[in-house]
Amino acid sequence: SMVAMFAQLGGGIYTKGADVGADLVGKVEQNIPEDDPRNPAVIADLVGDNVGDCAGQCADTFESIAAEIMSAMILGGSLATSGNLQGDEAVGFVVFPL
């Protein structure tokens with residue numbers, strides 16, 4: 001879904017920004033190795049990695065749950081239609097997954 005895609009992209013952009021910043025300050029300006037605790041930007045880099053992982057995982061979970069709910073609603077609607085149900089009975093088949 002579009003919401004899951006934007007959540008994954010948002011996490012990836014934050015991760016990449018923190019990673020590039022940490023690398024520029026640490027490697028280029030201060031000549032210290034990557035992920036060295038003397039570089040304060042390493043904290044932002046590690047937080048960015050965690051945000052990217054969490055955003056990606058949560059976006060995948062959200063997408064799976066949303067797809068399952070929508071498919072159950074479509075199935076309920078087709079069952080209500082094929083059973084010639086009217087009124088509240090038909091609505092119950094579609095709204096039940098929510």
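Our structure is the block above this text.
Presented here is a report on the structure given in the accompanying data block.

Cut-offs applied
- Residues numbered from 1 in each chain as written.
- Predicted model: local features only at pLDDT ≥ 70, side-chain atom pairs only at ≥ 80, totals over all residues.
- Heavy atoms only, no water.
- Helix = DSSP H or I, 4+ residues; strand = E, 2+ residues; numbered from the N terminus.
- Rg over C-alpha atoms; globule rule 2.2 N^0.38 Å.
- Patch = residues over 30% accessible without salt bridge, like charges linked within 9 Å, V, L, I, M, F, W, Y side chains within 5 Å.
- Areas by Shrake-Rupley, 256 points an atom, 1.4 Å probe, with all protein chains shown as cover.
- Salt bridge = Lys/Arg side-chain N within 4 Å of Asp/Glu carboxyl O.
- Buried < 20%, exposed > 50% of the residue type's maximum accessible area, 1.4 Å probe, protein only.
- 1 Å grid on protein atoms, 1.4 Å probe; cavity = no way out; pocket = protein on both sides within 12 Å on 5 of 7 lines; lining within 4 Å.
- Points joined across faces, edges and corners; volume = space filled by probe spheres on them.
- Nonpolar A, V, L, I, M, F, W, Y, C, P; charged D, E, K, R; others polar.
- Contact = heavy atoms within 4.5 Å.

**Some thoughts on the overall build of the chain**
Part 1 of the argument: Summing up its helical and strand segments, the chain has three helices and zero strands in all.
Part 2 of the argument: Put simply, the chain runs from its N terminus to its C terminus through helices and strands in the order α-α-α.
Part 3 of the argument: Here the C-alpha radius of gyration of the chain, 23 Å, is well above what a compact globule of 98 residues would show, namely 13 Å.
Part 4 of the argument: Once the C-alpha set of the chain is aligned to its principal axes, its extents read approximately 75 × 15 × 15 Å.

**Describing a nonpolar patch on the surface**
Part 1 of the argument: Where nonpolar side chains cluster on the molecular surface, the patch consists of Met2, Met5, Phe6, Leu9 and Ile13 and spans about 530 Å² of accessible area.
Part 2 of the argument: Mapped onto the elements, isoleucine 13 comes out in helix α1 (residues 2–29).
Part 3 of the argument: By relative accessible area, which is 62% here, isoleucine 13 ends up exposed.

**Observations regarding empty space enclosed by the protein**
Part 1 of the argument: Inspection of the entire model under this criterion finds one cavity of 30 Å³ or more.
Part 2 of the argument: Quantified by volume, the largest cavity comes out at close to 40 Å³.
Part 3 of the argument: Together, Ala22, Asp23, Gly26, Lys27, Pro33, Glu34, Asp35, Asn39 and Val42 line the largest cavity.
Part 4 of the argument: Here the lining of the largest cavity is composed, by residue class, of three nonpolar, two polar and four charged.

**Comments concerning unusual backbone geometry**
Part 1 of the argument: In this structure, asparagine 84 is a non-glycine residue whose phi angle is positive, near 55°.
Part 2 of the argument: Note that asparagine 84 resides in the loop between α2 (41–82) and α3 (88–95).
Part 3 of the argument: For asparagine 84, a relative accessible area of 61% corresponds to the exposed category.

**Thoughts on the environment of valine 25**
Part 1 of the argument: Tracing the backbone shows valine 25 in helix α1.
Part 2 of the argument: A residue is classified by how much of its surface remains accessible, and valine 25, at 33% relative accessible area, is partly exposed.
Part 3 of the argument: As for valine 25 and isoleucine 65, which are separated by 40 residues in sequence, their C-alpha atoms are 41 Å apart.
Part 4 of the argument: In contact with valine 25, not counting residues within four places along its chain, are Gln30 and Asn39.

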